[in-house]
Amino acid sequence: MRSIRPLRLILCLMVCSQAFNAGAQTPASYSSADLQQQFKKLDVLGSVLYIAAHPDDENTRLLAYLAKDRLYRTGYLSLTRGDGGQNLIGDEQGIELGLIRTQELLAARRIDGAEQFFSRAYDFGFSKSTEEALSMWDREKVLADAVWVIRKFQPDVIITRFPPDSRAGHGHHSASAVIAHEAFKAAADPNRFPEQFAYGVKPWQAKRILWNTFNFGGNNTTSNDQLKLDVGGYNPALGKSYGEISAESRSQHKSQGFGVPAARGASIEFFSFTDGEPAKADIMDGVNTGWGRLADNASETDKAAIKANTEIFLQVKEAGWPFERPESMNKFLSALYQNTSKMSDSYWKNQKLQEIQELMARSAGLWLEATANSEFAVQGDSIKLNIVVNSRSGKDITLNSIKVDMLDTTVNQKLELNKNVTINTPLYVFANKPVSQPYWLEKKMTTGSFVVSDQNLIGRPESLPAYTVTFNVTFEGLSLSYTRPVQYKFTDPVKGELYRPLVIVPPATVTTGPDIIVFRQQQKQIAEMDVKLTANKDFNQYKATITNRIKNNSESKTDSSFNVAKGLSKNYAFNISNANMKDIVQDNAQVFVDLKNGKAEQPAWLHLVNINYDHIPPIHYFYQDNAKILNLDLKTAGKKIGYIDGAGDKVAFALEQMGYEVTNLKEKDLFTANLTQFDAIITGVRAYNVHEFLKTKYEVLMEYVKNGGNLIVQYNTNNNLSALKGGGISPYPFTISRNRVTDETAKVNFLLPNHPVLNYPNKITAKDFEGWIQERGIYFAEGVDAAFQSPLSMADPNEGEQKGSLIIADYGKGKFVYTGLVFFRELPAGVPGAYRLMANIIALNKTNNKK
């Protein structure tokens with residue numbers, strides 16, 4: 001069974017969270033051409049749902065074509081958030097990487113026009129079988145999520161990216177197809193997941209399900225007898241082809257290094273029929289995508305409304321779109337709204353009413369904004385709201401009232417042309433207001449999926465905003481309500497005006513460090529753990545009791561004068577020893593704080609994580625910070641390590657905890673005289689993929705090895721490396737493959753039991769490969785030159801042994817090592833055997849190894 005251990009220990013916060021990054025980007029602006037496209041879309045009642053496994057699996061060109069050319073409501077259901085991949089822009093892994101990729105998908109959808117959905121499945125890393133993926137995820141649970149999304153979205157056509165077999169190339173990929181096929185039928189079956197009907201959905205039968213076949217990765221699944229669509233057209237209203245839009249969308253997957261060039265010209269997509277009603281000429285064969293689809297079994301009132309709407313669209317088409325005065329369209333939009341309101345309740349009625357209402361505001365240039373004076377709103381404190389309303393086109397609009405949380409303010413003010421109506425009001429944040437936490441992280445996850453109890457949250461890409469403001473207006477004779485999130489707005493001197501999510505935080509947060517403390521069982525050692533208590537509001541005359549909880553070694557400290565101003569911190573230090581750990585190998589230190597002022601008591605135990613990248617909104621989440629304490633039978637040889645950062649990992653920090661002096665090496669540091677000081681030089685994951693300068697430092701590094709150094713190269717992909725000698729990294733030839741062992745419990749065989757890497761300075765046994773997480777290794781070496789030794793072999797179930805996880809060669813007086821073992825996961829996770837094996841690899845040039 002695969003074990004899942006996200007790098008952060010996410011504990012149930014015992015609260016119901018509301019806020020995440022919803023709406024946390026600059027409000028969109030729309031040209032008159034954009035508004036014309038949106039008006040055309042009002043006359044299209046068709047929808048398509050695309051289903052795959054991960055962020056980046058989606059066909060962005062097809063999504064852009066369906067959303068912006070065919071004007072269908074288009075969605076992408078990614079079963080996972082991509083938590084288990086590698087990160088090319090930072091050191092976030094696990095759930096933090098999933099948070100980043102969630103926002104990258106939302107950034108992509110803002111470009112290609114589709115909508116984003118997720119299931120509760122966790123990306124536990126590469127899987128070689130459909131059965132493993134479905135078992136880890138909990139097949140019925142993820143199927144229920146897919147059925148829920150289908151019943152809510154009501155797609156006419158479902159499209160899968162992958163087939164349900166080995167051609168998919170990844171167990172998650174094939175499993176996504178299995179789930180899609182089962183959900184296609186189950187969504188229409190009233191006996192499947194009937195508990196969902198209490199939440200407003202009904203059984204839904206899509207017309208058909210198709211497989212969007214492909215030709216990539218050396219696997220061509222397309223054929224000329226398949227249904228075809230040219231999705232490479234040019235949209236003059238947007239000034240771009242769908243290939244250009246697609247490239248911009250796909251390039252949002254920056255954590256995966258998926259920037260792609262814009263494409264122009266015809267681009268044919270192929271589709272294989274899998275179930276439902278076959279299609280001959282088009283994916284939407286037999287689907288009425290106009291208002292006429294609502295005419296079947298319709299009442300006379302419905303038929304009259306449909307006829308009236310059809311006449312309005314014809315009238316506008318004949319008159320032409322008023323590009324210079326789009327606000328003049330609101331009389332037609334108002335009529336569309338009134339006609340549609342008279343129809344019987346249905347999915348498309350509600351969808352089109354929402355679209356019409358938003359288009360009316362956009363056409364009128366109606367600006368509705370609610371911002372706070374701080375990025376963080378503190379439980380039990382207050383914030384100042386600045387609410388701005390402006391009718392920039394001068395349409396006859398009256399602001400009747402605004403409502404936010406418990407505040408309901410009557411305004412009754414007619415808006416003047418392009419003049420701001422500004423309302424400033426304080427907003428009290430109740431002490432029991434939930435902190436801002438991604439909804440899927442509120443509860444402790446199971447082995448392969450997140451736990452979400454609120455049915456209405458399932459499928460959502462992110463949580464609801466912390467606060468929203470409802471603007472009640474009278475507009476073209478209609479009483480309409482618009483909802484906007486409360487955001488934090490500020491001006492950066494370089495980037496200009498920026499918007500960020502409003503984050504609900506506790507009065508104080510607790511940060512501990514370091515993340516890992518490594519003791520050696522052979523010695524009684526003491527390490528210092530720092531505790532930082534940050535005030536999110538002013539604390540005057542409080543007493544703070546800080547308790548550090550460890551097995552057999554808990555300690556409390558009292559600060560009788562905790563007087564800390566908002567935004568400032570106070571630090572405390574605890575000495576942690578292994579004296580009482582005896583046979584304990586792993587432990588955790590967790591800090592709890594009680595803040596008291598008379599009868600008032602405020603506990604503090606949560607740590608706030610901030611993740612910031614320019615291409616996505618800031619990300620915030622909470623967990624209980626802790627220090628992992630390792631008490632290892634660990635010996636090391638050598639002292640000084642040179643580390644060349646790669647795509648992002650935390651290996652260098654783990655090396656420091658092992659007692660090494662680690663120097664981060666940059667391009668300017670890589671010259672022979674400087675490198676001689678290091679017992680070993682280690683390159684971070686994918687270092688040769690992300691640093692072009694390493695290709696020019698080949699001779700320098702080989703000279704270092706030849707003179708007695710030890711060069712340890714962690715995994716790279718073979719992109720741009722295969723044409724160079726030894727991949728441009730090694731003194732002898734080998735190829736970096738895509739081979740891997742994904743079963744982290746796979747037996748590891750010692751092919752060279754007497755090799756120093758298994759014996760000095762630590763005796764490596766099978767026990768050192770216990771407790772590994774996610775996988776054994778990736779991107780193994782193959783085609784290995786005879787100069788290399790391969791001390792280990794391993795295999796996934798029902799597969800042949802692989803010997804490329806660790807290869808070692810003598811070169812001159814030194815050693816060269818390439819390893820695909822995932823030290824970048826195991827060391828930060830505190831896996832004891834990974835530390836002992838890494839120490840042995842570093843010590844290789846301290847032994848007199850003879851082949």
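Keep in mind that this is a model prediction, so the values were computed, not measured.

A count of helices and strands for the protein gives 17 helices and 43 strands. A globule of 851 residues ought to have a C-alpha radius of gyration of about 29 Å, and the protein, at 30 Å, matches this closely. Viewed in the frame of its principal axes, the protein has a C-alpha envelope of about 90 × 80 × 55 Å. Out of the 851 residues belonging to the protein, those deemed buried represent 59%. Of the contacts formed within the protein by residues at least 6 apart in sequence, a portion of 75% connects residues at least 24 apart. About 34000 Å² of surface is accessible on the protein, with carbon and sulfur atoms providing 47% of the total.

Quick look at the pattern of salt bridges now. Under the criterion given, the structure shown has 35 salt bridges. With its nearest N and O atoms 2.6 Å apart, the salt bridge here joins Arg73 to Glu115. Placement of Arg73 in strand β2 (residues 73-78) and of Glu115 in strand β3 (residues 115-118) is noted, with a sequence separation of 42 residues between them. What makes Arg73 buried here is its relative accessible area of 14%. Judged by relative accessible area, which is 27%, Glu115 ranks as partly exposed. Two residues, Asp396 and Lys414, come together in a salt bridge whose shortest N-O distance is 3.7 Å. Note that Asp396 is positioned in the loop between β14 (382-391) and β15 (397-404) and Lys414 in strand β16 (residues 407-414), a separation of 18 residues in sequence. Residue Lys414 is classed as exposed on the basis of its relative accessible area, which comes to 53%.

Time to look at helix α9 (residues 330-341). Here α9 spans 16 Å end to end across twelve residues, near enough to the 16 Å set by a 1.5 Å rise per residue. Of the positions making up α9, those classed as buried are Asn330, Phe332, Leu333, Ser334, Leu336, Tyr337, Asn339 and Thr340. Contacts made by the buried residues of α9 are with α1 (32-41), α8 (300-319), α10 (347-363), β18 (468-475) and β19 (478-492).

Residues that lie three or four places apart on an α-helix share one face, since the helix turns once every 3.6 residues. The end-to-end C-alpha distance of helix α6 (residues 171-186), which contains 16 residues, comes to 22 Å, matching closely the 22 Å that a straight helix rising 1.5 Å per residue would cover. In terms of burial, α6 is a largely internal element, 13 of the 16 residues being buried.

Moving on: a nonpolar patch on the surface. On the surface, a cluster of nonpolar side chains totalling about 350 Å² of accessible area is made up of Met406, Tyr428 and Phe430. Along the chain, Tyr428 turns up in strand β17 (residues 421-428).

Looking now at the packing of helix α2 (residues 60-68) against helix α3 (residues 95-112). As a packed pair, α2 and α3 sit with axes 9 Å apart at the nearest point and diverge in direction by 45 degrees. When the interaxial angle is binned, α2 and α3 end up oblique. For the pair α2 and α3, contact is made by Thr60, Leu63, Ala64, Ala67 and Lys68 and by Arg109, Ile111 and Asp112, respectively. Of the residues in the contact of α2 with α3, the class split is four nonpolar, one polar and three charged.

With that settled, the discussion passes to unusual backbone geometry. Note: most residues except glycine have negative phi, and most peptide bonds are trans. With an omega of 5 degrees, the peptide bond between Gly513 and Pro514 qualifies as cis. For Pro514, the location among the structural elements is in the loop between β22 (508-513) and β23 (516-520). A cis geometry characterises the amide bond from Tyr760 onward to Pro761, with omega recorded as -5 degrees. Within the element layout of this structure, Pro761 appears in the loop between β38 (748-750) and β39 (781-782). Of note, Lys582 is a non-glycine position whose phi angle comes to about 50 degrees, a positive value. If you trace the backbone, Lys582 turns up in the loop between β27 (569-577) and β28 (586-597).

This next bit is on the pairing of strand β30 (residues 607-611). By the criterion of burial, β30 is predominantly enclosed, with four of the five residues buried. Taken together, the five bridges between β30 and strand β31 (residues 619-623) define a ladder with antiparallel strand orientation. Considered in β31, the bridge of Leu608 is made with Phe622.

Sheet architecture is open: seven strands sit in the order β34-β33-β35-β36-β43-β42-β40, paired in mixed fashion. A single partner strand is all that each edge strand has here, and the edge strands are β34 (661-664) and β40 (788-789). Examined bridge by bridge, strand β42 (residues 806-811) and strand β43 (residues 814-819) share six bridges and lie antiparallel to one another. Each bridged residue has a counterpart across the sheet, and for Ile807 the counterpart in β43 is Tyr818. This element, helix α15 (residues 698-706), spans β35 (680-683), β36 (710-714), β42 and β43 of the sheet and lies at about 130 degrees to β36. The strands touched by helix α17 (residues 832-842) are β33 (640-644), β35, β36, β42 and β43; relative to β36, the strand with the most contacts, the crossing angle is about 140 degrees.

We now examine the packing of aromatic side chains. For any pair of aromatic rings, geometry is given as the distance between the ring centres together with the angle between the planes. One pass over the full model with this rule turns up 27 aromatic pairs. Following the ring pairs from residue to residue traces out a cluster consisting of Tyr732, Phe734, Phe788, Tyr811, Phe816 and Tyr818. The cationic tip of Arg81 hangs over the ring face of Phe118; the distance from NZ or CZ to the ring centre is 4.1 Å. Over the aromatic face of Phe126 sits the side chain of Arg740, whose NZ or CZ is 4.3 Å from the ring centroid.

With that settled, consider the confidence of the model for the protein. Across the protein, pLDDT averages 93, with 96% of residues at or above 70. Of the regions scoring below 50 in pLDDT, residues 3-23 engages in 95 contacts with residues more than four places distant in sequence or in other chains.

Counting residues in hydrophobic clusters, the biggest one holds 78 residues, and the most contacted among them are Leu655 and Tyr818. A total of seven residues in this core trace back to one element, the largest contributor, which is α17. Here Leu655 is in contact with Ile641, Tyr643, Tyr660, Val662, Ile682, Met838 and Ile842, once residues within four sequence places are set aside. Residues Leu353, Val429, Phe471 and Ile504 belong to the second largest nonpolar core, which totals 57 residues.

The rules we used
Counting of residues starts from 1 at the beginning of each chain's written sequence and follows it residue by residue. Local features are withheld for residues below a pLDDT of 70 in this predicted model, meaning they are given only at 70 or higher, and side-chain atom pairs are given and counted only at 80 or more; totals for whole chains, interfaces and linings count all residues. Just so you know, side-chain values use all the structure's heavy atoms and leave hydrogens and water out. Numbering of helices and strands runs from the N terminus; a helix is a DSSP stretch of H or I covering at least four residues, while a strand is a stretch of E covering at least two. Here the globule rule reads 2.2 Å times residues to the power 0.38, and the radius of gyration is calculated from C-alpha atoms. Each residue is placed in one exposure class: buried if its accessible area under a 1.4 Å probe, protein chains only, is under 20% of its type's maximum, exposed if it is over 50%, and partly exposed if it falls in between. When checking whether two residues touch, look at their non-hydrogen atoms; a contact exists if any pair is within 4.5 Å. Accessible areas in this description were obtained via Shrake-Rupley with a 1.4 Å probe; residue shielding takes into account the shown protein chains only. By definition here, a salt bridge exists when the distance from a side-chain nitrogen of Lys or Arg to a carboxyl oxygen of Asp or Glu is within 4 Å. A helix is expected to reach a length of 1.5 Å times the quantity of its residues less one. Residues qualify for a patch when their relative accessible area is over 30% and they have no salt bridge, like charges being joined within 9 Å and the nonpolar side chains of Val, Leu, Ile, Met, Phe, Trp and Tyr within 5 Å. Helix axes are fitted only over the stretch in contact, all axes being lines through C-alpha atoms; the angle between N-to-C directions runs from 0 to 180 degrees. Note on terminology: angles under 35 degrees are roughly parallel, angles over 145 are roughly antiparallel, angles of 65 to 115 are roughly perpendicular, and the others are oblique. Three residue categories are used. Nonpolar comprises Ala, Val, Leu, Ile, Met, Phe, Trp, Tyr, Cys and Pro, charged comprises Asp, Glu, Lys and Arg, and polar comprises the others, including Gly. Strand pairing follows a simple DSSP-based rule, namely that at least 2 bridges must link the two strands. Aromatic rings from Phe, Tyr and Trp, taking only the six-membered ring of Trp, are treated as a pair when their centres fall within 6.5 Å; an angle between ring planes under 30 degrees marks them as stacked, one over 60 as edge-to-face, and anything in between as tilted. Whether a charge sits over a ring depends on NZ of Lys or CZ of Arg being within 6 Å of the ring centre and within 35 degrees of the ring normal. The predictor attaches a confidence to each residue, and that confidence, scored 0 to 100, is pLDDT. Only buried residues count toward a nonpolar core, which is a set of Ala, Val, Leu, Ile, Met, Phe, Trp, Tyr and Cys residues joined through side-chain atoms within 4.5 Å.

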